[in-house]
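Chain residues, written in single-letter form:
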Amino acid sequence: MSAVFVIFGTRPEAIKLAPVVWALKSTLGEDAVRVVSTAQHREMLDQVLDLFGIKPDYDLNLMKANQSLNGLCADLLKGLNDIFLKEWPARVVVQGDTTTCFAGALAAFHMGIPVDHVEAGLRTGDLLAPFPEEMNRRFCDLVSSECYAATEKAAAALRAENVDEQKIHVTGNTVIDALLQMRNNLRANTEVTKELDEKFSFLNQNKKLILVTGHRRESFGEGIRGICRALVEISEQRSDVEIFYPVHLNPNVRTAVEEVIGQHTDRIFLGEPLDYQSFVYLMDRSYLILSDSGGIQEEAPALDRPLLVLREKSERMEAMEAGVAKLVGTKTKTIVREVVTLLDDVCLYKEMAHAINPFGDGRAAQRIAAIIKSKL
Ligand code: UD1
Ligand code: UDP
């Protein structure tokens, strides 16, 4: 019998599909699962695979410097088509909304292979924000045989688009599986924590740590520069904080960050993308997180860290509705104002810093694997 194929290419897909790969292997057996890395990302993906000990059966090695969406998409379709023709998967599992996810679903759909879409039903309602992810996720939900929604809200979005009720499964988000496992490992392993304390010993324990990430395509240019100008202003106004920003490897992000922050590095530490273990350690250690990341919007609430979302729109409004995160956009003035308010208003900070898990309970991958087994 042919195998279930799990396809990923970027850092967040690998983090969110690692628990699914493990659950599928333990439910179906090692030989019944094949892992395909498209390597849409390279270094940022390899960090995750090394940490989670996942060795892909296929690695398309597709990443090119400053790749275009169409060039990448064409390479993905060709590469995945060749693999699918050779092995004809029983099912194809894709995650989220990247170009790898889109091409994986399209290649399987063209060949009549059932698609399982993990993290279905996310919508902002605006095809241009996030771009191109909103289109990718709508397409994947349309062609998928099974849609795994993290929350009831995501399931409701699918129902509103007349997705067949039989296809909708509310499972929780698998990122919470990965996060809780990583955090529990860290808390249980004092040796690793000591190593991480040492690795980040340049950060002053007496200052409030603001952890920052930003990489959205719709923010390239003025959006990223607006965020960076805010970081500079905050670092100049506030001697009680330190800012740490591991900068995404996309050259469009790096150029803007270096242009604005380059000289202002006294209390702003710019770094390379961190491995997931280090990043979870720093999220846990931070006072406040500023990010436009999808995954971090799901993780910060679970770690009771207030999050200011550097976007105009979000498809993960559960965190905002629970009062643990706030949409602040990319305008310098607004970001500075919101950060300063949170630093000064202790009551507001405490209200935002309470742990909730609107996105899952840590058992999403097991639920997904059980459903996939029942469909074989
Ligand atoms: C991609 C996804 C986005 C996701 C993000 C997660 C699409 C269209 N975008 O955006 O949805 O939120 O990943 O981080 O699928 N690069 C490296 N090394 C790496 C990774 C990237 O050098 O390990 C550089 C390369 O020059 C590459 C560029 O970044 O061409 C862009 O990578 P790409 O995957 O196309 O877009 P991201 O902005 O990373
Ligand atoms: N992350 C990481 N190292 C970093 C920054 C982020 O491991 O330096 C993790 C983060 O905890 C989350 C995921 O990467 O699980 C989010 O990836 P990203 O922001 O690149 O993509 P998005 O979630 O926006 O698609």
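Everything that follows concerns the structure shown earlier in this document.
Figured I'd write up the structure that's included with this text. Model, not experiment: these values are computed from the prediction. (Residues numbered from 1 in each chain as written. Chains lettered and ligands numbered in written order. Predicted model: local features only at pLDDT ≥ 70, side-chain atom pairs only at ≥ 80, totals over all residues. Heavy atoms only, no water.)

### Here we look at the environment of His117
For His117, the position within the fold is in strand β5 (residues 115-120). A relative accessible area of 0% means that His117 is categorised as buried. Here the alpha-carbon distance between His117 and Leu142, two residues 25 residues apart in the chain, equals 9.8 Å. The residues touching His117, leaving out its near neighbours within four places in the chain, are Val94, Gln95, Gly96, Cys101, Arg137, Cys140, Asp141, Ser144, Glu146, Cys147 and Tyr148. (Helix = DSSP H or I, 4+ residues; strand = E, 2+ residues; numbered from the N terminus. Buried < 20%, exposed > 50% of the residue type's maximum accessible area, 1.4 Å probe, protein only. Contact = heavy atoms within 4.5 Å.)

### Here's the deal with the site of ligand 1
Near ligand 1 there are 24 residues, and of these His41, Lys64, Asn66, Glu133 and Asn250 occur at the shortest range. Here an oxygen atom of ligand 1 sits 2.9 Å away from a polar atom, N or O, in the main chain of Met44. The contact in question runs from an oxygen atom of ligand 1 to an N or O atom on the side chain of Glu133, over 2.5 Å. Burial of ligand 1 by the surrounding chains reaches 95%, relative to a free accessible area of 740 Å². Here the shell around ligand 1 is composed, by residue class, of eight nonpolar, ten polar and six charged. (Near = heavy atom within 4 Å. Polar contact = N/O pair within 3.5 Å; in protein donor to acceptor, adjacent residues only side chain to side chain. Areas by Shrake-Rupley, 256 points an atom, 1.4 Å probe, with all protein chains shown as cover. Nonpolar A, V, L, I, M, F, W, Y, C, P; charged D, E, K, R; others polar.)

### Looking at the site of ligand 2
Taken together, 16 residues surround ligand 2, and among them Arg11, Leu274, Gly294, Gly295 and Glu299 come closest. Interatomic distance of 2.8 Å between a side-chain N/O atom of Arg11 and an oxygen atom of ligand 2. One of the backbone nitrogen or oxygen atoms of Gly295 is found 2.7 Å away from an oxygen atom of ligand 2. In isolation ligand 2 exposes 530 Å². Once the protein is present, 95% of that is buried. Elements that contribute at least two residues to the shell around ligand 2 include exactly α1 (11-28), α11 (276-285) and α12 (294-302). Its residues assigned to classes, the shell around ligand 2 shows nine nonpolar, four polar and three charged.

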